[in-house]
Amino acid sequence: MEVQRSVLCVEEAEEAVEELRAALAKAGITLPSLGLDPVSLAREVPCPLVELGRCSAETARRIAAAVTAVTR
């Protein structure tokens, strides 16, 4: 049961990463470090976190502008 839950958690996180990567690409934004957090994958029963990683100030501003445009 726990193994099946873990597999589903990992698959869900991988799908979320790909959805976010595609959405950011449409906005012309790339986060090179976007992926699954390796520390959370190392747990006995993994349910990974999404690692957004670091980005430049310019990229952070582009993300903020994209989010602001969507929330207006």
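As shown above, the structure is provided for reference.
What you see is a predicted model, and the numbers here were worked out from it, not measured in a lab. (Residues numbered from 1 in each chain as written. Predicted model: local features only at pLDDT ≥ 70, side-chain atom pairs only at ≥ 80, totals over all residues. Heavy atoms only, no water.)

**Thoughts on the overall build of the chain**
A tally of regular secondary structure across the chain gives 3 helices and 2 strands. Shown N-terminal to C-terminal, the secondary structure of the chain runs as helices and strands in the order α-β-α-β-α. What you see for the chain is a C-alpha radius of gyration of 14 Å, clearly larger than the 11 Å of a compact globule of 72 residues, by over 25%. With respect to the three principal axes, the spread of C-alpha positions in the chain is 40 × 20 × 15 Å. For the chain, with 72 residues in total, the buried portion stands at 22%. (Helix = DSSP H or I, 4+ residues; strand = E, 2+ residues; numbered from the N terminus. Rg over C-alpha atoms; globule rule 2.2 N^0.38 Å. Buried < 20%, exposed > 50% of the residue type's maximum accessible area, 1.4 Å probe, protein only.)

**What to know about helix H1 (residues 2-26)**
With 25 residues, H1 should reach 36 Å at 1.5 Å per residue; the first-to-last C-alpha distance of 36 Å fits that figure. Taken together, the buried positions of H1 are Ser-6, Cys-9, Val-10, Ala-13, Val-17 and Leu-24. Residues of H1 that are buried in the fold lie against strand E1 (35-36), helix H2 (38-41), strand E2 (50-51) and helix H3 (57-71). Just downstream of H1 lies Gly-28, where phi reads positive at about 75°. (Expected span 1.5 Å × (residues − 1). Contact = heavy atoms within 4.5 Å.)

**Quick word on the nonpolar core**
Val-17, Leu-24, Ile-29, Leu-31 and Leu-34 together form the largest nonpolar core, which totals 5 residues. Not counting residues up to four positions away in its chain, the partners in contact with Leu-24 are Ile-29, Leu-31, Leu-34 and Ile-63. (Core = buried A, V, L, I, M, F, W, Y, C linked by side-chain atoms within 4.5 Å.)

**Quick look at a negative patch on the surface**
Taken together, the side chains of Glu-11, Glu-12, Glu-14, Glu-15 and Glu-19 present a region of like negative charge at the surface. Tracing the sequence through the fold places Glu-14 in helix H1. The exposure class of Glu-14 is partly exposed, given its relative accessible area of 41%. (Patch = residues over 30% accessible without salt bridge, like charges linked within 9 Å, V, L, I, M, F, W, Y side chains within 5 Å. Areas by Shrake-Rupley, 256 points an atom, 1.4 Å probe, with all protein chains shown as cover. Salt bridge = Lys/Arg side-chain N within 4 Å of Asp/Glu carboxyl O. Lys, Arg positive; Asp, Glu negative; His and termini not counted. Charge placed at Lys NZ, Arg CZ, Asp CG, Glu CD.)

**Structural notes on the pattern of salt bridges**
If you walk through the whole model with that rule in mind, you get 1 salt bridge. A salt bridge links Arg-21 to Glu-18, with the shortest nitrogen-to-oxygen separation between them at 2.7 Å. Pair noted here: Arg-21 and Glu-18 are both in helix H1, with a separation of 3 residues, about one helical turn. Using a relative accessible area of 33% as the deciding quantity, one classes Arg-21 as partly exposed. For Glu-18, a relative accessible area of 45% gives the class partly exposed.

**Description of a nonpolar patch on the surface**
Taken together, the side chains of Leu-20, Val-50 and Leu-52 define a hydrophobic patch exposed on the protein surface, amounting to about 210 Å² of accessible area. Here Val-50 is to be found in strand E2. By relative accessible area, which is 35% here, Val-50 ends up partly exposed.

The values are spatial; any link to function lies outside them.
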